Amino acid sequence: HGRCWGNAAGARVGTEGWAPRGGHRGVPAHRLCPPRGAGSSLEPEERSMEPPAVPEEEEEEEEEKEKGAVPLSVATGPVGCQLFGYVGIEAVLDQMKIKTMKTGFEFNIMVVGQSGLGKSTMVNTLFKSKVSRKCSQPGQEERIPKTVQLQSITHVIEEKGVKMKLTVTDTPGFGDQINNENCWDPIIKYINEQYERYLREEILITRKRKIPDSRVHGCVYFVPPTGHWLRPLDLEFMQRLSKIVNVVPVIAKADTLTLEERAEFKQRIQEDLKSHAISVYPQEDFDQDPEDRALNDRIREKIPFAVVGADQEHQVNGKRVLGRKTKWGIIEVENPAHCEFPLLRDLLIRSHLQDLKDITHNVHYESYRVRRLNESNRPG
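Residues numbered from 1 in each chain as written. Predicted model: local features only at pLDDT ≥ 70, side-chain atom pairs only at ≥ 80, totals over all residues. Heavy atoms only, no water.

Under an unreviewed UniProt entry, the name given to the protein chain is SEP12 protein, and the organism recorded is Picathartes gymnocephalus. Quoted verbatim from the Subcellular location (unreviewed entry) heading of the UniProt record, the comment on the protein chain is "Cytoplasm, Cytoskeleton". Here the protein chain is described in UniProt, under the heading Sequence similarities (unreviewed entry), as follows: "Belongs to the TRAFAC class TrmE-Era-EngA-EngB-Septin-like GTPase superfamily. Septin GTPase family." (UniProt positions renumbered as here; feature names shortened; annotations may be inferred.)

Right under this line is the structure:
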């Protein structure tokens, strides 16, 4: 029933004795098999020599060898495998592209700031279409609401066969009152309501194949171009909202500042954000890939973006460009030498749109889901 090793003679058993290697655990050594030779029937008391202790790792290796098992380090193959010919793995990208073009995708953005900072114009400039709240409700007299009222407008935008369901949420009345205490509460409530709606659809036994996504993927916060520092209202808002949504701060109507004033204002805002531990998008804690970290570091150096919005075209050097016409010339919004609108557009749409959605789902929504499930599991 197991292997046993004896001395060369096999019959003499004195102080030397024999010791099993790799036998059954928990079985006394004298019961595994008798020594070779004359078939001696010595009692265990007469054999004072105990078998030497064998380390557990060696015992496990011996057991695996007896069972015919191959060690894991030998069974695994190399990390990279050389292909003998074309397989077609790259076709997965084409499949994903075709499926996305058929089904489309959703993107929800929120703009927050005082009235008159150009929020609606900026949204129209981003997507080069009339998607703002004011354009969707023409002819209505603009009045300052008594409280913060959130209004969402949904459009379907198509470009080169790719459809995007865009939802723009505006916050008229934010920061326009004499007493702005707790004016961020309706915004926080709205964001949590979208998380709650998604959670209820997700925990259903028979849920939809594709859950409608109304969660806010990005919040663009417009800072007034005062040229001094962030107001207490700005700090309080970003400190509260950065924990539940991706916040991207921008300096509104940056054409009212000189280049020196703009650079100094940026530096003061960055110092305020750092001193108050406000983590705006892209968050440094979520950088995993070295290339992404290097790209995001360059973006963080430019935040907040000094932007200028315009939804009218003008003729400049024989080309039609978006810009603002003044007495001393035309401010081109897509010219990096005039403003940083191209950086904001690239961040929100061209380079980080999917990352905004991933962080919303994997970080902010996940935190809300864990908190809600813990609350529901508490007794009483």
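Still more to cover.
Visitor: What am I meant to see in the side chain of threonine 167 here?
Guide: Here threonine 167 shows up in strand β3 (residues 162-170). For threonine 167, a relative accessible area of 13% puts it in the buried group. Side chain to side chain, threonine 167 and asparagine 108 meet in a polar contact 3.3 Å long. (Helix = DSSP H or I, 4+ residues; strand = E, 2+ residues; numbered from the N terminus. Buried < 20%, exposed > 50% of the residue type's maximum accessible area, 1.4 Å probe, protein only. Polar contact = N/O pair within 3.5 Å; in protein donor to acceptor, adjacent residues only side chain to side chain.)

Visitor: I tried to follow the pairing of strand β5 (residues 247-251) on my own but got confused; where do I start?
Guide: The side chains of a regular strand alternate between both faces of the sheet. Within β5, 5 of the 5 residues are buried, which leaves the element mostly enclosed by the surrounding structure. Residue alternation in β5 divides its side chains into two sets, Val247, Pro249 and Ile251 and Val248 and Val250, and both sets are buried. As judged from the 5 bridges shared by strand β4 (residues 218-223) and β5, these two strands associate in the parallel manner. In the sheet register, tyrosine 221 faces β5, and the bridge partner there is proline 249. For the crossover that starts at β4, traverses helix α7 (residues 232-241) and ends in the parallel β5, the hand is right-handed. Where β5 and strand β6 (residues 305-306) come together, 2 bridges link them in parallel fashion. Opposite valine 250, over in β6, you have phenylalanine 305 as the bridge partner. (Pairing = 2+ DSSP bridges. Right-handed = clockwise from strand over helix to strand, strands pointing away.)

Visitor: Which parts of the structure should I look at to understand the packing of aromatic side chains?
Guide: What characterises a pair of aromatic rings is the spacing of the ring centres plus the angle enclosed by the ring planes. This structure, assessed with the given rule, holds 6 aromatic pairs. Judged by centre distance (5.7 Å) and plane angle (40°), the rings of tyrosine 195 and tyrosine 368 are tilted. One end of the pair, tyrosine 195, is in helix α6 (residues 185-202); the other, tyrosine 368, is in helix α11 (residues 353-377), with 173 residues separating them in the sequence. With relative accessibility at 1%, the residue tyrosine 195 sits in the buried group. Assessed through its relative accessible area of 8%, tyrosine 368 is described here as buried. Seen in terms of ring centroids, tyrosine 221 and phenylalanine 237 are 4.7 Å apart; in terms of plane orientation they differ by 20°. Their pairing is stacked. (Phe/Tyr/Trp six-rings, centres within 6.5 Å; stacked < 30°, edge-to-face > 60°.)

Visitor: What exactly am I supposed to notice about the nonpolar core here?
Guide: Generally speaking, nonpolar side chains in soluble globular proteins are found buried as a group. In this structure, Phe174, Ile187, Ile191, Phe237, Met238, Leu241 and Phe305 are the most contacted members of the largest nonpolar core, which totals 73 residues. For this core, the leading source of residues is α6, giving 7 residues. Excluding anything up to four places from it in sequence, phenylalanine 174 contacts Val112, Gly113, Gln114, Val148, Cys183, Trp184, Ile187, Tyr221, Leu233 and Phe237. (Core = buried A, V, L, I, M, F, W, Y, C linked by side-chain atoms within 4.5 Å. Contact = heavy atoms within 4.5 Å.)

Visitor: Looking at this model, I keep getting lost on the sheet that holds strand β7 (residues 313-316). Mind explaining?
Guide: What holds strands together in a sheet is hydrogen bonding between their backbones, with the strands either parallel or antiparallel. Spatial ordering of the open sheet is given by β7-β8-β9, a layout of 3 strands whose pairing is antiparallel. Two strands bound the open sheet, and with one partner strand each, they are β7 and β9 (329-332). Going across the sheet, the axis of each strand differs from the next one's by a mean of 70°, ignoring polarity. When β7 meets strand β8 (residues 319-326), the two strands line up antiparallel, connected through 4 bridges. Following the sheet pairing, glutamate 313 is matched in β8 by leucine 322. (Axes fitted to C-alpha atoms, helices over the stretch in contact; angles between N-to-C directions.)

Visitor: Help me out: how do you make sense of α6 in this one?
Guide: An α-helix turns once every 3.6 residues. As a result, residues three or four positions apart point the same way. Over its 18 residues, α6 extends 26 Å from the first C-alpha to the last, a length consistent with the 26 Å expected when each residue adds 1.5 Å. If you check which residues of α6 are buried, you get Ile187, Ile188, Tyr190, Ile191, Asn192, Gln194, Tyr195, Glu196, Tyr198 and Leu199. Contacts made by the buried residues of α6 are with β1 (105-112), β2 (151-159), β3, α7 and α11. (Expected span 1.5 Å × (residues − 1).)

Visitor: Help me out: how do you make sense of a nonpolar patch on the surface in this one?
Guide: Together, Leu83, Val87, Ile89, Val92, Leu93 and Met96 line one region of the surface with nonpolar side chains, adding up to about 620 Å² of accessible area. Considering the arrangement of structural elements, one finds leucine 93 in helix α3 (residues 91-103). (Patch = residues over 30% accessible without salt bridge, like charges linked within 9 Å, V, L, I, M, F, W, Y side chains within 5 Å. Areas by Shrake-Rupley, 256 points an atom, 1.4 Å probe, with all protein chains shown as cover. Salt bridge = Lys/Arg side-chain N within 4 Å of Asp/Glu carboxyl O.)

Visitor: So what exactly am I meant to see when it comes to unusual backbone geometry here?
Guide: Peptide bonds are mostly trans, and most non-glycine residues show a negative phi. Geometrically, the link from tyrosine 281 to proline 282 is a cis peptide bond, its omega value of 0° lying close to zero. The topology assignment puts proline 282 in the loop between α8 (259-275) and α9 (290-302). The omega torsion across isoleucine 303 and proline 304 is 0°, close enough to zero to call that bond cis. Looking at the secondary structure, you find proline 304 in the loop between α9 and β6. Unlike most non-glycine residues, lysine 128 shows phi in positive territory, near 50°. Considering the arrangement of structural elements, one finds lysine 128 in the loop between α4 (119-127) and α5 (133-136). You can call lysine 128 exposed: its relative accessible area is 55%. Unlike most non-glycine residues, asparagine 317 shows phi in positive territory, near 55°. Mapped onto the elements, asparagine 317 comes out in the loop between β7 and β8.

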